Amino acid sequence: ANFYFRIGSYCVLCVVFSAVACVVCVLCHGGRTVRNMSIIKRFVRIFKYFYGIQFETYGEEKLHDDKPCVIISNHQSILDMMGLMEVLPRNCIQIAKRELFYMGPVGLIMYLGGVIFINRKRTSAAMSAMEEVGNTLVQENLKVWIYPEGTRNESYDLLPFKKGAFYLAVQAQVPVIPVVYSSFSSFYHPEKKIFTSGKIKVEVLDPIKTEGLTVTDIPKLLETCHSVMRETFFRLSNKPNENGTNGPTSQPMQ
Ligand SMILES: CCCCCCCC/C=C\CCCCCCCC(=O)SCCNC(=O)CCNC(=O)[C@H](O)C(C)(C)COP(=O)(O)OP(=O)(O)OC[C@H]1O[C@@H](n2cnc3c(N)ncnc32)[C@H](O)[C@@H]1OP(=O)(O)O
Ligand SMILES: CCCCCCCCCCCCCCCC(=O)OC[C@@H](O)COP(=O)(O)O
């Protein structure tokens, strides 16, 4: 029962805080702009105190370069929003599934924050939406946060990555910055109806350059990101990886 109360209150907080944030954003900036993200960030960062969640972040300064880039991170649940806002840099928008836009004030606040909505069922439309972002990324000095797994994933591993984030980075010739969150499974487990409090480790990895890369380099770029994020995920989550050690298995970057 406690699980449902906490999840329910999380959703209620999202709706209520969104409605308030919409008013503040419209009063401050008048409409849809990425500058509203800093207002949204302040509201969302309060959530962690309600749920006793602590963040331990490593390498956050790597996100503070005032230059465009594509940030990719693993995605486990709707709690990821707190982790996102914990380290969200300035001028950064997110790619979100279109369904979220229809969630009342939550959709409106995301719209006001500059979030790009994509229809995952219509790949061509999703790609052109992302291509549009790719075209304006550099001159608007924007960062884009994408969850390359394309969906929430509560397994104790990373899903294979979709290619959109990498097409976007290569098209705009901007670096990819991976951000990895440790597994929530110690305190959040929907199947077992567990949602207590706990600590989430967040590690920002070194930017991966895309200068000079073309579409043909995308599979390798995707693979490099996937393996370095997977290794970090296991390390942060203290999950023994294939060869049973806890330490980082530093495979040479092929
Ligand atoms: C005070 C407030 C209180 C709280 C209220 C809340 C406020 C919060 C505010 C703000 C925080 C908001 C938080 C946001 C959180 C939301 C997170 C989500 O919703 S996660 C789901 C959506 N995200 C994605 O899905 C992205 C990842 N997906 C992609 O990038 C895909 O690539 C996508 C959708 C573009 C296409 O997906 P495909 O399923 O078709 O798969 P593929 O393998 O990537 O592509 C298929 C083929 O198309 C080619 N392709 C892909 N992209 C291309 C491109 N751009 N150009 C050309 N070809 C491309 C590929 O090469 C591939 O071709 P070959 O099969 O390899 O031959
Ligand atoms: C007026 C009624 C509005 C009711 C809406 C209740 C609010 C629900 C909480 C919304 C939190 C929004 C922040 C993003 C959280 C998130 O990450 O969404 C889930 C998707 O990534 C994953 O997509 P998928 O796993 O494929 O369903």
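Residues numbered from 1 in each chain as written. Chains lettered and ligands numbered in written order. Predicted model: local features only at pLDDT ≥ 70, side-chain atom pairs only at ≥ 80, totals over all residues. Heavy atoms only, no water.

## What about the pattern of salt bridges?
By the definition in use, this model includes eight salt bridges. Close ionic contact of K62 with D206 constitutes a salt bridge, the shortest N to O distance being 3.0 Å. Placement of K62 in the loop between β1 (53–58) and β2 (69–73) and of D206 in the loop between β9 (198–204) and α8 (218–236) is noted, with a sequence separation of 144 residues between them. The closest approach of N and O atoms between E99 and K121, which form a salt bridge, is 3.1 Å. Of this pair, E99 sits in the loop between β3 (92–97) and α5 (105–112) while K121 sits in the loop between β4 (116–118) and α6 (123–137), placing them 22 residues apart in sequence. (Salt bridge = Lys/Arg side-chain N within 4 Å of Asp/Glu carboxyl O. Helix = DSSP H or I, 4+ residues; strand = E, 2+ residues; numbered from the N terminus.)

## Remarks on the site of ligand 1
Close to ligand 1 lie 32 residues, the nearest being K97, T123, K163, G164 and Y167. Within the contact set of ligand 1, an oxygen atom lies 2.8 Å away from a side-chain nitrogen or oxygen of Y167. Out of a free accessible area of 1400 Å², ligand 1 has 79% covered by protein chains. Secondary-structure elements contributing two or more residues to the shell around ligand 1 are α1 (2–29), α2 (36–44), α4 (80–87), β3, α5, α6 and α7 (164–172). Residues belonging to the shell around ligand 1 are distributed by class as follows: 22 nonpolar, six polar and four charged. (Near = heavy atom within 4 Å. Polar contact = N/O pair within 3.5 Å; in protein donor to acceptor, adjacent residues only side chain to side chain. Areas by Shrake-Rupley, 256 points an atom, 1.4 Å probe, with all protein chains shown as cover. Nonpolar A, V, L, I, M, F, W, Y, C, P; charged D, E, K, R; others polar.)

## Examining the site of ligand 2
For ligand 2, the set of nearby residues contains 14 residues, the closest of which are H75, K97, R120, T151 and R152. In the model, an oxygen atom of ligand 2 is placed 2.6 Å from a nitrogen or oxygen of the H75 side chain. Interatomic distance of 2.7 Å between a side-chain N/O atom of R152 and an oxygen atom of ligand 2. Considering ligand 2 on its own, with 720 Å² of exposed area, one finds that the protein chains cover 76% of that surface. Residue assignment for the shell around ligand 2 shows that the elements contributing at least two residues are α1 and α5. Broken down by element, the residue count for the shell around ligand 2 peaks at three residues, all from α1. Split by residue class, the shell around ligand 2 holds nine nonpolar, two polar and three charged.

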